[in-house]
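Secondary and tertiary structure notes
Next come the chains, spelled out residue by residue.
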Amino acid sequence: MTEAPGAGANLRLARQARGFSQQQLASMAGVSRQAVSAVESGHSDPSLRVALALAQALGLSVEELFGPGEPAAPVTAISVTPLRGRSDRVALAPVGDRFVALPLRGDTGAGLGFLPAGGLANPANLPLPARGPSQTGTAGPVGADAGLELIAVRPIGPPRPTLVVAGCDPALPLLSTPLALLDPPVAFAWWPCGSAAALRLARRGLVHVAGVHTEGDTGGVPDGAAVVGFTAWREGFAVRPEHKPVVTGLDAIAKHRLRIVNREPGAEARRLLDAERERLGLDPGDLAGYDTQAAGHLQVASAVAAGLAEAGVASEPAARAYGLAFVPLAEERFNLVIPAEHTASREVQALLKVLSSPWLLAQLASIPGYDAATCGDRLTS
């Protein structure tokens, strides 16, 4: 039997999407692990017997597994934010018994280069597929949950087991490397947002993990959730170096009419800024740039470094990454909140395994300003 181009990749994706290692699939199909590896790597074409056995073990037909590629059937997903167009690229991940779509746009979808998408949302006015009992609701906004909507997504390849994390710590993407090295691997998807937004997504069951600051308002932690340590840092003003001699705090920023870049409501950085502003008796109008909103710590530091503002509240690691001066305001701990319904999931168990990996701890230690002493520690349950 001749293998169609890309069939080895199809086999690997189908195996990983079901959470099987090569050895597990080989045992289920009654073939050797070496045979599975050879097919996936493209070094060997499967015999008819091997092709039938592998397809049956994966619950697919031989044509589906090894035949010419066909567009995947659309699935119904919940988008964590409204879409802007009719063909948005999204990260697509199963969370519990439903799919979640994280639009890939701006910093979320690029970083230093375009990130791979899991699917296309509403391509060519694609109608919503029929929904099962667990996919209640109608097209458009989901009940009273502002910012959430049911959308149709055509997957680009089979959806894979994916750890979905919401939170503001730019060190979170470091988790993707050790997760990918597990056997079977787990993919990683990050939705950067403030603590309040991350907790809202966790309460709605749309992420496996919410990253939160312990000093902020964490009253929204779901009942029974586990809390695991991740990182700690100082938070304060990232300042252009030439202004460091005069910037001793927010009062000096207001006095010298220096422009700031702010964060979105619900972000811990904005809470810190408002607390300091109220302590000093300052009004929002006393701060040039108060109404601006940057999406995260690195975005604040980037705006200051680019000269769009003279200062902004960010983490010390972000400020130092951009060569900025730093004026501390508070000590912060950043923890991972895991809702009870996801604690036993394969994705979360993979997370708990890699949090103590020497590679991850070494990476965190290599970033100036981070303290990873509590990384992986179970704080509450």
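This write-up is about the structure you can find in this document. (Residues numbered from 1 in each chain as written. Predicted model: local features only at pLDDT ≥ 70, side-chain atom pairs only at ≥ 80, totals over all residues. Heavy atoms only, no water.)

Quick word on the overall build of the chain
Broken down by element type, the chain carries 14 helices and 14 strands. For the chain, buried positions account for 51% of its 381 residues. Here the analysis covers contacts within the chain between residues at least 6 apart in sequence; of these, 73% occur between residues at least 24 apart. (Helix = DSSP H or I, 4+ residues; strand = E, 2+ residues; numbered from the N terminus. Buried < 20%, exposed > 50% of the residue type's maximum accessible area, 1.4 Å probe, protein only. Contact = heavy atoms within 4.5 Å.)

A word on empty space enclosed by the protein
Under the counting rule described, the total for this entry stands at 1 cavity of 30 Å³ or more. Estimated volume of the largest cavity: approximately 40 Å³. Secondary-structure elements contributing two or more residues to the lining of the largest cavity are strand S11 (260-261) and strand S12 (311-315). Considering only residue class, the lining of the largest cavity consists of 4 nonpolar, 2 polar and 1 charged. (1 Å grid on protein atoms, 1.4 Å probe; cavity = no way out; pocket = protein on both sides within 12 Å on 5 of 7 lines; lining within 4 Å. Points joined across faces, edges and corners; volume = space filled by probe spheres on them. Nonpolar A, V, L, I, M, F, W, Y, C, P; charged D, E, K, R; others polar.)

Examining unusual backbone geometry
Located in the positive-phi region is Arg257, a residue other than glycine, with phi close to 55°. By secondary structure assignment, the location of Arg257 is in the loop between helix H9 (250-255) and S11. For Arg257, a relative accessible area of 48% translates into the label partly exposed.

Comments concerning the packing of aromatic side chains
The description of an aromatic ring pair uses the distance of the two centres, along with the angle that the planes make with each other. Following the criterion strictly, the structure yields 3 aromatic pairs and no others. When the ring of Trp233 is compared with that of Tyr370, the centres are 5.8 Å apart and the planes differ by 75°; the resulting orientation is edge-to-face. Taken together, the residues Trp233 in strand S10 (residues 226-239) and Tyr370 in the loop between helix H14 (358-366) and strand S14 (378-380) connect sequence positions 137 residues apart. Within the aromatic cluster, the residues linked to one another by ring pairs are Phe230, Trp233, Phe334 and Tyr370. (Phe/Tyr/Trp six-rings, centres within 6.5 Å; stacked < 30°, edge-to-face > 60°.)

Quick word on the packing of helix H2 (residues 22-29) against helix H3 (residues 33-41)
Two elements in contact, H2 and H3, have axes separated by 8 Å at closest approach and are oriented at 115°. Comparing the axis directions of H2 and H3 gives the class roughly perpendicular. In this structure, the crossing between H2 and H3 has a hand that is right-handed. For the pair H2 and H3, contact is made by Gln22, Gln23, Leu25 and Ala26 and by Arg33, Val36, Ser37 and Glu40, respectively. Along the lines of polarity and charge, the residues of the contact of H2 with H3 split into 3 nonpolar, 3 polar and 2 charged. (Axes fitted to C-alpha atoms, helices over the stretch in contact; angles between N-to-C directions. Parallel < 35°, antiparallel > 145°, perpendicular 65-115°, else oblique. Left-handed = near helix turned anticlockwise from the far one by under 90°.)

Looking at the nonpolar core
Core analysis: the largest hydrophobic core is formed by 29 residues, its most contacted members being Leu175, Leu179, Phe230 and Leu355. At the level of elements, strand S7 (162-167), S10, strand S13 (325-338), helix H13 (346-354) and H14 are the ones that each hand at least two residues to this core. The next biggest cluster of nonpolar side chains, apart from the first, holds 26 residues, and it includes Ala93, Ala117, Val164 and Val227. (Core = buried A, V, L, I, M, F, W, Y, C linked by side-chain atoms within 4.5 Å.)

Here's the deal with the side chain of Glu347
Relative to the helices and strands, Glu347 is located in helix H13. Nearest to the buried, unbridged Glu347 among oppositely charged side chains is Arg346, at 5.9 Å. Once residues within four sequence positions are removed from consideration, Glu347 is found in contact with Pro94, Pro161, Thr162, Leu163, Val186 and His208. (Lys, Arg positive; Asp, Glu negative; His and termini not counted. Salt bridge = Lys/Arg side-chain N within 4 Å of Asp/Glu carboxyl O.)

So, the pattern of salt bridges
Counting across every chain of the model gives 9 salt bridges. Arg15 is paired through a salt bridge with Glu40; the nearest N and O atoms lie 2.6 Å apart. Of the two residues, Arg15 sits in helix H1 (residues 7-17) while Glu40 sits in helix H3, which places them 25 residues apart along the sequence. In this structure Arg15 comes out as buried when scored by relative accessible area, which is 4%. Given the relative accessible area of 8%, Glu40 is considered buried. The salt bridge involving Arg277 is made with Asp274; its shortest N-O contact spans 3.4 Å. Of this pair, Arg277 and Asp274 both sit in helix H10 (residues 268-280), separated by 3 residues, roughly a single helical turn. Its relative accessible area of 9% is what places Arg277 among the buried residues. Its relative accessible area of 17% is what places Asp274 among the buried residues. Three or more residues joined by partner-sharing salt bridges are found here, namely Arg234, Glu316 and Arg320.

Observations regarding the pairing of strand S9 (residues 209-213)
The element S9 is extensively covered by neighbouring structure, given that 5 of its 5 residues are classed as buried. Neither face of S9 is left uncovered, since the one carrying Val209, Gly211 and His213 and the one carrying Ala210 and Val212 both have all their residues buried. Taken together, the 2 bridges between S7 and S9 define a ladder with parallel strand orientation. Bridge pairing in S9 links Val165 to Val209. Examined bridge by bridge, S9 and S13 share 4 bridges and lie antiparallel to one another. Residue Ala210 lies in a different strand from S13, and its bridge partner there is Val337. (Pairing = 2+ DSSP bridges.)

Re H2
Buried residues of H2: Gln22, Leu25, Ala26 and Ala29, and no others. On an axial view of H2, the arc spanned by its buried residues comes to 100°, and they lie on one face. (Arc of directions from axis to C-beta.)

Some details on the environment of Val75
Relative to the elements of secondary structure, Val75 occurs in strand S1 (residues 75-79). Under the relative-accessibility criterion, Val75 is labelled buried at 17%. Each C-alpha atom of the pair Val75 and Ile151 lies 8.4 Å from the other, and the pair is 76 residues apart in sequence.

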